[in-house]
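# A closer look at the structure
This is what each chain is made of:
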Amino acid sequence: MEPDLHELLRSLRVWDTELPGFEPEKAPEEPLALFTRWFAEAVAAGQPEPHTMSLATAGEDGLPDVRIVMLHGADAAGWSFATHATSRKGRQLAARPYAALGFYWPDQGRQVRLRGPVAVASPEEGQADLHARSTGALAAALVGHQSDVLPSREELARASDAAWDRARREPDAPAPTWTLYRLRPDEVEFFQGDARRRHVRLTYRRDTDDRGWLKELLWP
């Protein structure tokens, strides 16, 4: 018998644990400091894969797309991630260099949402970022063809085996289409869930002269 999706959905509960508090009036003046603090708390709490995030883009047709990617870093230049420039998301970012990111840390009932323009880092930065990662990451990048039609799983296995062999022999092997991107947010929202649904939503928006941030609370 097939499972009943709606019955399963009705049986689920969220936040059956004590959630951390959040006093937005004590939040720092810029979002990176608060993001770093929340990220460190998610890591300390044992949140699985806290560095994964949703990346939303749109192509030339204006239609949205979303997938999970890994955060590679965050600093004054922006939140960074990487992919092949020839992949679907790479092509979409070339057509419309604006995106949104979403982090969700359910163990703490927290979300962080960002949106803003996306810039391409230099090829040197992209390759340095790739080669600072694992052998498996390099092998995956060397396989290439991301988002292209795959004729068979056997062809993937052959290409992957060859890429792993090369990655082990040449740890500095270049992956020419591998690209590092940085999203420089215009807006960042921090969401702290509350069991009584009195969620706290704090947004940071860049002011018009780009010299600081405006903070606002939103209704949940």
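Everything below is about the structure shown above.
Definitions and cut-offs
Residues numbered from 1 in each chain as written. Predicted model: local features only at pLDDT ≥ 70, side-chain atom pairs only at ≥ 80, totals over all residues. Heavy atoms only, no water. Helix = DSSP H or I, 4+ residues; strand = E, 2+ residues; numbered from the N terminus. Buried < 20%, exposed > 50% of the residue type's maximum accessible area, 1.4 Å probe, protein only. Contact = heavy atoms within 4.5 Å. Salt bridge = Lys/Arg side-chain N within 4 Å of Asp/Glu carboxyl O. Axes fitted to C-alpha atoms, helices over the stretch in contact; angles between N-to-C directions. Parallel < 35°, antiparallel > 145°, perpendicular 65-115°, else oblique. Left-handed = near helix turned anticlockwise from the far one by under 90°. Nonpolar A, V, L, I, M, F, W, Y, C, P; charged D, E, K, R; others polar. Core = buried A, V, L, I, M, F, W, Y, C linked by side-chain atoms within 4.5 Å.

## Focus: the overall build of the protein
Regarding its fold elements, the protein presents six helices and ten strands. Here the C-alpha coordinates of the protein stretch approximately 60 × 55 × 40 Å along the principal axes. The 220 residues of the protein split such that 36% are buried. Considering only contacts within the protein whose residues lie at least 6 apart along the sequence, 64% involve residues at least 24 apart.

## What about helix α5 (residues 135-143)?
Listed as buried for α5 are Ala-137, Leu-138, Ala-139, Ala-141, Leu-142 and Val-143. Buried residues in α5 make contact with β4 (78-84), α4 (123-131), α6 (153-169) and β7 (178-183). Within two residues after α5, Gly-144 carries a phi angle of roughly 65°, on the positive side.

## A short note on the pattern of salt bridges
Two side chains carrying opposite charge are able to pair once their charged atoms lie near each other. Applying the stated criterion to the full structure yields 15 salt bridges. Salt-bridge contacts for Glu-187 lead to Arg-115; the nearest nitrogen and oxygen are separated by 3.1 Å. Placement of the pair is Glu-187 in strand β8 (residues 187-192) and Arg-115 in strand β6 (residues 110-120), with a sequence separation of 72 residues. A residue is classified by how much of its surface remains accessible, and Arg-115, at 45% relative accessible area, is partly exposed. Arg-166 is paired through a salt bridge with Glu-170; the nearest N and O atoms lie 3.5 Å apart. On the basis of relative accessible area, Arg-166 is assigned to the partly exposed category, the value being 30%.

## Quick word on the packing of α5 against α6
It is at 8 Å that the axes of α5 and α6 come closest, and there the two elements cross at 130°. With respect to α6, the axis of α5 lies oblique. Note on packing geometry: the crossing formed by α5 with α6 is right-handed. Each of Thr-135, Gly-136, Leu-138, Ala-139, Leu-142 and Val-143 in α5 lies in contact with α6, whose residues at this interface are Leu-156, Ala-159, Ser-160, Ala-163, Trp-164, Arg-166, Ala-167 and Arg-168. Of the residues contributing to the contact of α5 with α6, the split by class is nine nonpolar, three polar and two charged.

## Notes on the nonpolar core
Proteins that are soluble and globular tend to have nonpolar side chains buried together. Counting 28 residues, the largest nonpolar core has Phe-103 and Val-112 as the members making the most contacts within it. The biggest single contributor to this core is helix α2 (residues 31-44), with five residues. Beyond its immediate sequence surroundings of up to four residues, Val-112 is in contact with Phe-35, Trp-38, Leu-101, Gly-102, Phe-103, Trp-105, Val-188, Glu-189 and Phe-190. Of all hydrophobic cores here, the second largest spans 14 residues; its members include Leu-130, Leu-138, Ala-163 and Ala-175.

Everything listed here is a matter of coordinates, which is why it stays silent on function.
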